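Listed below are the residues making up each chain.
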Amino acid sequence: MACDSDVEIIEDSCENKGNKMDLGGEDDDVMIIESMEENVLSQEEQIERNKKLAEKKKEEGNLSYTAKKYQQALELYSQAIDLCPQCAAYHNNRSACLLMLGQYRQALHEAREAVRLDSKYVKGLLRVAKCQVILGDVAGADSALKQVAALDPQNASLATERRNMDAVARLTQELDLSWQKGDYRRALFSAERALTVATGSSHLRVRRAECLVLLGRYSEAQDIVHDMLRADSMNADALYVRGMCLYYQDDVDKAFNHFQQVLRLAPDHQRARQVYRQAKNLKTKKEEGNLAFKKGSMPEALQLYTEALEIDPLNKATNAKLYCNRATAQARLGNNQEAIADCSQAIDLDSGYVKAYLRRAKCYMLTEQYEEAVRDYEKVNTLDRSCEHRRLLHEAKHELKKSKRKDYYKILNLSRSATTDEIKKAYRKQALVHHPDRHSSASEEHRKEAERRFKDVGEAYSVLSDRSKRLRYDNGQDLEDGDGFSSSDVDHSNIFQAFFGGGGPPGGFRYSNMGGGGGGQPFDFGGAHAGGFQFHFG
């Protein structure tokens, strides 16, 4: 019977419809009271009715699940749970749908609820273990499977779930061992294999992203943490990996902000604390080196850059700059070969580092390694075309062309600033040393080499003693273009005669220019006695 207080209304579909009464006056609210005189279901009958409806919803959900309509099945199982919330099977079915929809943590929650309702529910325990494996929680999965083994040791699914759990455990262990050895490629391989089973493990995803960062695959790592942060913007592990990406790409200030945020969210995050400390040390040491360089203290700058390079060998971006900075300091000290080596290290770390190519090319030019300089300047022009870079390439090619000519100064053992008298004295000395007749008793190969050198000496003198030719030679112009000069036209006999023609003081040797008819002009160098000798130049 209804009373003056609240009225419980139970509506049975479309059948129970009572009379409507207006209980208020003109200004009162209208209340509609259904008649309570019709039959009201007893509590037991209502429960039984709900069970039947819930079972119907479950069957409909099963059909949707079989048809892979998981969202529809999820809604139907949820309706079944609303009607009969104490049924463990319904919660387990809803867990299965959530698993298929990739909502692993919600699936684990439902499976645990099923087991809470029935602690001996083997299917629920197996579902808990499956969810734990997918989430990478080996310990949780092991606990659930031990309960299954105690309740139903012959269960067919038990071996499968344990096999999956063991695979995740083994691959995670291999990942840790490879990480400790610094073999990040192998660690990545183990992480990716583990993720084929533990597909919902955020821990393994973070570990995979860390490996990608340390292998220099920053964009792939960023993609992983971007998805994680989209689901949870306060995910400390994901923020840590994003900070690593920024740090290893030399965006230090933004990296610092990320590490600081991680430590606010998770003060005990050891990896973030370690990398943050390392990043600060590296930045400080690099800045100290730059300051010493600016002050002109090159030895101090070299030492500081070297110390900075020892802080984090994996930071390729920053270390490339440190090597290039150290190369610049080496070049300032005149250590061009050391500078070249440092530039090469920088380029190995960053193949597109224009500044390192330019520095190395300049050092190559200073050490007359023109082919290497041309190669570097050509690379620079592919990376960054500009008028200045084209000019540098042109100069290097010009010097390369000059270097492929005979070095007349080197042949006569002269500096490029040699005077006319020094050129004559050098010719006199080298001509006597390399004249073929002085090597007449040597092997044929040795005689040919002496003859070649003698001709080079004459050719060098012919060019360097002529002001016009020497100027063109020094400017890198091709001597055989424009003025009719050819090395084959040099008369070595005339040059030699001009220096050594006529007699000579006692104690020398005799030289004869034997012409084609055998009647050459004799030249005496020191008189004909037992200690002298003569040349026959034909």
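Note that the coordinates shown come from a computational prediction; the quantities given were computed from them, not determined experimentally.

What counts, and at which threshold
Residues numbered from 1 in each chain as written. Predicted model: local features only at pLDDT ≥ 70, side-chain atom pairs only at ≥ 80, totals over all residues. Heavy atoms only, no water. Helix = DSSP H or I, 4+ residues; strand = E, 2+ residues; numbered from the N terminus. Contact = heavy atoms within 4.5 Å. Areas by Shrake-Rupley, 256 points an atom, 1.4 Å probe, with all protein chains shown as cover. Buried < 20%, exposed > 50% of the residue type's maximum accessible area, 1.4 Å probe, protein only. Phe/Tyr/Trp six-rings, centres within 6.5 Å; stacked < 30°, edge-to-face > 60°. Expected span 1.5 Å × (residues − 1). Axes fitted to C-alpha atoms, helices over the stretch in contact; angles between N-to-C directions. Parallel < 35°, antiparallel > 145°, perpendicular 65-115°, else oblique. Left-handed = near helix turned anticlockwise from the far one by under 90°. Salt bridge = Lys/Arg side-chain N within 4 Å of Asp/Glu carboxyl O. Polar contact = N/O pair within 3.5 Å; in protein donor to acceptor, adjacent residues only side chain to side chain. Core = buried A, V, L, I, M, F, W, Y, C linked by side-chain atoms within 4.5 Å. pLDDT = per-residue confidence, 0-100.

Some remarks on the overall build of the chain
- Helix and strand counts for the chain come out as 24 helices and 3 strands.
- A separation of at least 24 residues holds for 49% of the contacts in the chain among residues at least 6 apart in sequence.
- As presented, the chain carries roughly 30700 Å² of accessible surface, and 47% of it is formed by carbon and sulfur atoms.

Details of unusual backbone geometry
- Despite not being glycine, E368 shows a phi value in the positive range, around 60°.
- Counting through the fold element by element, E368 comes out in the loop between α17 (354-366) and α18 (370-383).
- Of the residues examined, E368 reaches a relative accessible area of 58% and is grouped as exposed.
- One non-glycine residue, N413, adopts positive backbone phi at about 60°.
- For N413, a relative accessible area of 62% gives the class exposed.

Considerations on the packing of aromatic side chains
- The tally for this structure, following the rule as stated, stands at 8 aromatic pairs.
- Ring centres of W179 and Y184 lie 5.1 Å apart, and the angle between their planes is 75°; this geometry places the pair in the edge-to-face category.
- With a relative accessible area of 15%, Y184 lands in the buried category.
- Between F256 and Y276, the ring centres sit 5.4 Å apart and the planes meet at 70°, which makes this aromatic pair edge-to-face. Taken together, the residues span a long stretch of sequence, with F256 in helix α12 (residues 252-265) and Y276 in helix α13 (residues 270-294) at a distance of 20 residues. Comparing F256 with Y276 shows no difference in burial state: the two are buried.
- One aromatic cluster is present, built from ring pairs that chain together F256, F259 and Y276.

A closer look at the side chain of D376
- As for its placement among the helices and strands, D376 is situated in helix α18.
- In this structure D376 touches Y357, R360, A361 and Y364, once residues within four positions along its chain are discounted.

So, helix α5 (residues 122-134)
- The terminal C-alpha atoms of α5, which comprises 13 residues, lie 18 Å apart, in line with the 18 Å expected from a rise of 1.5 Å per residue.
- By the criterion of burial, α5 is predominantly enclosed, with 11 of the 13 residues buried.
- Inspection of α5 places V122, G124, L125, L126, R127, V128, A129, C131, Q132, V133 and I134 among the buried residues, and these make up the whole buried set.
- Residues of α5 that are buried in the fold lie against α3 (88-100), α4 (104-117), α6 (138-151) and α7 (156-181).
- Following α5 by one or two positions, G136 adopts a phi angle in the positive range, close to 80°.

A look at the packing of helix α15 (residues 316-332) against α17
- Two numbers describe how α15 lies on α17: the axes approach to 10 Å, and their chain directions differ by 25°. When the interaxial angle is binned, α15 and α17 end up roughly parallel. Crossing angle aside, the handedness with which α15 passes α17 is left-handed. On the side of α15, the interface is formed by C324, A327, T328 and A331, while α17 contributes K355, A356, R359 and C363.

Here we look at the pattern of salt bridges
- For the coordinates displayed, the defined rule picks out 34 salt bridges.
- In this structure, the salt-bridge partner of K58 is E59, at a minimum N-O distance of 3.4 Å.
- Taking relative accessible area as the criterion, K58 reaches 16% and is therefore assigned buried.
- For E288, the salt bridge goes to K285, with nearest N and O atoms at 3.9 Å.

Digging into α7
- Taking 1.5 Å as the rise per residue, α7 with 26 residues should run 38 Å; its terminal C-alpha atoms sit 39 Å apart, in good agreement.
- Inspection of α7 places L158, E161, M165, A167, V168, L171, T172, L175 and S178 among the buried residues, and these make up the whole buried set.
- Tucked into the core, α7 has its buried residues touching α5, α6, α8 (184-195) and α9 (202-214).
- Capping the start of α7, N155 holds a side-chain oxygen 2.9 Å from the backbone nitrogen of S157, two or three residues further along.
- Of the residues trailing α7, G182 is marked for its positive phi of about 80°.

So, the packing of α8 against α9
- Across the interface, α8 lies against α9 with an axial gap of 9 Å and an inter-helix angle of 150°. With respect to their mutual orientation, α8 and α9 come out roughly antiparallel. Once α8 is placed against α9, the crossing between them reads as left-handed. Together, Y184, A187, L188, A191, E192, A194 and L195 of α8 and L204, R205, R208, C211, L212 and L214 of α9 make up the contact between the two elements.

Things to note about the nonpolar core
- Counting residues in each nonpolar core, the largest one holds 91 residues, and the members touching the most others are V213, Y240, Y247 and F259.
- Here this core takes 10 residues from helix α11 (residues 236-248), the largest share from any one element.
- Among residues more than four places away in sequence, those in contact with Y247 are A255, F259, V275, Q278, A279, L282, D312 and N315.

Focus: the environment of A88
- Along the polypeptide, A88 turns up in helix α3.
- The class for A88 is buried, based on a relative accessible area of 11%.
- Once the C-alpha coordinates of A88 and R116 are considered, the two residues, 28 residues apart in sequence, prove to be 8.2 Å apart.
- Apart from residues lying up to four places away in sequence, A88 is in contact with A114, L117, D118 and Y121.

Focus: the confidence of the model for the chain
- Per-residue confidence for the chain gives a mean pLDDT of 84; residues scoring 70 or more make up 81%.
- Counting interchain partners and residues more than four positions distant, the pLDDT-below-50 stretch residues 1-39 has 20 contacts.

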